[in-house]
Amino acid sequence: VKVKNKHYRTVWMEKGVVKLINQTLIPHKFEIKTSANYQETAKAIKDMIVRGAPAIGAAAAYGIVQAVNAANSSNFGEYIKQAEICLKNTRPTAKDLFTAIDYVMEVIKDETSLEKIKSIVFNRAEEYANKSADACKKIGEYGAELIKDGDIIETHCNAGWLACVDWGTALSPIYHAKQQGKQIFVYVDETRPRCQGSNLTAWELAEEGVPHRVIPDNAGAYYMSKGVSMMMVGADRIAANGDVANKIGTYEKAIVAKEFGIPFYVAAPMSTFDLSCLSGKDIPIEERSEDEVAYVHGWSDNGNFSRVRIMPVKSRACNPSFDVTPSKYIAGIITEKGIIKPDNESILNLFAVNNVAEFEGVKK
Ligand code: MRU
């Protein structure tokens, strides 16, 4: 993301320290959070200082580097295992978290010399982050082909620069279309309870000069009935049959879009697919604290932070962080290798495997 003419990645590593754009402060403040060790990096993921599937993945990859740097030859195996478990336990739904950690662990597994591991592990994590950023750029290039001059696009949650190492998934086609000179307009679902839409997507679009309006979550059908060209969202995990887990509320939008004949696109890199989940039913759904529903927070115009309760103290809340949109509602999945149909055959083709078992084999 470009802030005051300087380009930032959402997450990066410098001299053993993980640096993260602190997403809990946006749009109020742009601040870089530093994390000195893997425990702090895990906490930053859990507390959503960094969030969005690809960004979480890259942060965790760097977290493994921090664990390797802190380990010594007497405790190495056990220490790294503990770090892997700690990082994997942060957010259960985002597949990229696991893809990224496994990618870095791959070079550690078969190497016995700690000195050698210390010398290669950073490059491995950096390679993962670069690949992830490249995939998002490609998604933007393919996805922009779907966007015509004058299109109105609705998006849910934040699947932009901030959700990824760079570019974004669902917003990458929008940024590419804008760079191609297309006039576009974006409806941004506010995305309660964490408000990734109003806090983060709106901020990004404003920084990028993309015309947009934030709409309440329950206004989707109203605006779709008046004319939306397409919906574009990201994904946290995609099952082998094309069912997609994404931010809570995505499912509802997909049903409404179908009612109005509006194409519903999902943009995601291959690191988000999980062929070991045969359908969306196998995807673990993260349940977060009910306080996220019970309280709202924000900043007054003079910069004072406050947090207020918006439901009775005696009432309890439910707070599932994601839902699963069945593949029948999805027009296409935009990946770094092109736009595919959300079905088993197309997904197996994408990974160049004949069946799911083969994919698992390739992974190991
Ligand atoms: O809970 P979050 O903010 O991490 O959820 C993020 C989403 O649901 C995004 O749509 C998804 O990770 C795709 S991001 C490119």
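What counts, and where the lines are drawn
Residues numbered from 1 in each chain as written. Predicted model: local features only at pLDDT ≥ 70, side-chain atom pairs only at ≥ 80, totals over all residues. Heavy atoms only, no water. Pairing = 2+ DSSP bridges. Helix = DSSP H or I, 4+ residues; strand = E, 2+ residues; numbered from the N terminus. Axes fitted to C-alpha atoms, helices over the stretch in contact; angles between N-to-C directions. Parallel < 35°, antiparallel > 145°, perpendicular 65-115°, else oblique. Contact = heavy atoms within 4.5 Å. Nonpolar A, V, L, I, M, F, W, Y, C, P; charged D, E, K, R; others polar. Near = heavy atom within 4 Å. Polar contact = N/O pair within 3.5 Å; in protein donor to acceptor, adjacent residues only side chain to side chain. Areas by Shrake-Rupley, 256 points an atom, 1.4 Å probe, with all protein chains shown as cover. Salt bridge = Lys/Arg side-chain N within 4 Å of Asp/Glu carboxyl O. Buried < 20%, exposed > 50% of the residue type's maximum accessible area, 1.4 Å probe, protein only. Expected span 1.5 Å × (residues − 1). Bend = angle between axes of the 7 residues up to and from the residue.

Regarding the sheet that holds strand E3 (residues 11-14)
Thought 1: Reading across the sheet, the 3 strands line up as E3-E4-E5 and stay open at both edges, with antiparallel pairing between neighbours. Two strands in the sheet have a free side with no partner beyond their single neighbour: E3 and strand E5 (32-35). With direction set aside, neighbouring strand axes in the sheet form an average angle of 25°.

Focus: the packing of helix H2 (residues 53-70) against helix H5 (residues 114-144)
Thought 1: Remark: H2 packs on H5, axes separated minimally by 9 Å, with the N-to-C direction vectors making an angle of 175°. Viewed along their axes, H2 and H5 adopt a mutual orientation that is roughly antiparallel. Along the contact surface, H2 presents Pro54, Gly57, Ala58, Ala61, Tyr62, Val65, Val68, Asn69 and Ala70, while H5 presents Ile117, Lys118, Val121, Phe122, Ala125, Glu126, Tyr128, Ala129 and Ser132.
Thought 2: Of the residues contributing to the contact of H2 with H5, the split by class is 13 nonpolar, 3 polar and 2 charged.

Points about the site of the ligand
Thought 1: Lining the immediate surroundings of the ligand are 19 residues, of which Arg51, Arg91, Asp236, Asn246 and Lys247 lie closest.
Thought 2: At a separation of 2.9 Å, an oxygen atom of the ligand approaches a polar backbone atom of alanine 53.
Thought 3: Asparagine 246 has a polar side-chain atom sitting 2.6 Å from an oxygen atom of the ligand.
Thought 4: When the free accessible area of the ligand is taken as 410 Å², the share hidden by the protein chains comes to 100%.
Thought 5: Counting only elements with at least two residues in the shell around the ligand, the list comes to H2 and strand E11 (244-247).
Thought 6: When the residues that make up the shell around the ligand are grouped by side-chain class, the tally is 9 nonpolar, 6 polar and 4 charged.

Here we look at the pattern of salt bridges
Thought 1: Inspection of the entire model under this criterion finds 19 salt bridges.
Thought 2: The closest approach of N and O atoms between arginine 307 and aspartate 291, which form a salt bridge, is 3.7 Å. A residue pair is termed long-range when its members are at least 10 positions apart, and arginine 307 in strand E15 (residues 305-309) and aspartate 291 in helix H10 (residues 291-294) qualify at 16 residues.
Thought 3: Taking relative accessible area as the criterion, aspartate 291 reaches 37% and is therefore assigned partly exposed.
Thought 4: Each of Arg91, Arg194, Glu286, Arg288 and Glu292 takes part in one network of salt bridges that share partners.

Describing the pairing of E15
Thought 1: When strand E14 (residues 295-299) meets E15, the two strands line up antiparallel, connected through 5 bridges. Opposite histidine 297, over in E15, you have arginine 307 as the bridge partner.
Thought 2: In sequence, E14 turns back onto E15 through a hairpin of 5 residues, with glycine 303 there showing a positive phi of about 90°.

Re H5
Side chains that are three or four residues apart share a direction in an α-helix, a result of its 3.6 residues per turn.
Thought 1: Taking 1.5 Å as the rise per residue, H5 with 31 residues should run 45 Å; its terminal C-alpha atoms sit 45 Å apart, in good agreement.
Thought 2: Residue isoleucine 120 marks the point of greatest curvature in H5, where the axis turns by about 35°.

Notes on the sheet that holds strand E17 (residues 332-335)
Thought 1: Strand order in the open sheet formed by 7 strands is E8-E7-E6-E9-E12-E17-E18, with mixed pairing between adjacent strands. A single partner strand is all that each edge strand has here, and the edge strands are strand E8 (212-215) and strand E18 (338-340). Here the average twist between neighbouring strands, direction ignored, is 25°.
Thought 2: As paired strands, strand E7 (residues 185-189) and E8 are joined by 4 bridges and run parallel to one another. Opposite valine 188, over in E8, you have valine 214 as the bridge partner.
Thought 3: In the packing of helix H7 (residues 196-208) onto the sheet, contacts are made with strand E6 (152-155), E7 and E8, and the angle to E7 comes to roughly 160°.

By themselves, these figures tell us nothing about what the structure is for.
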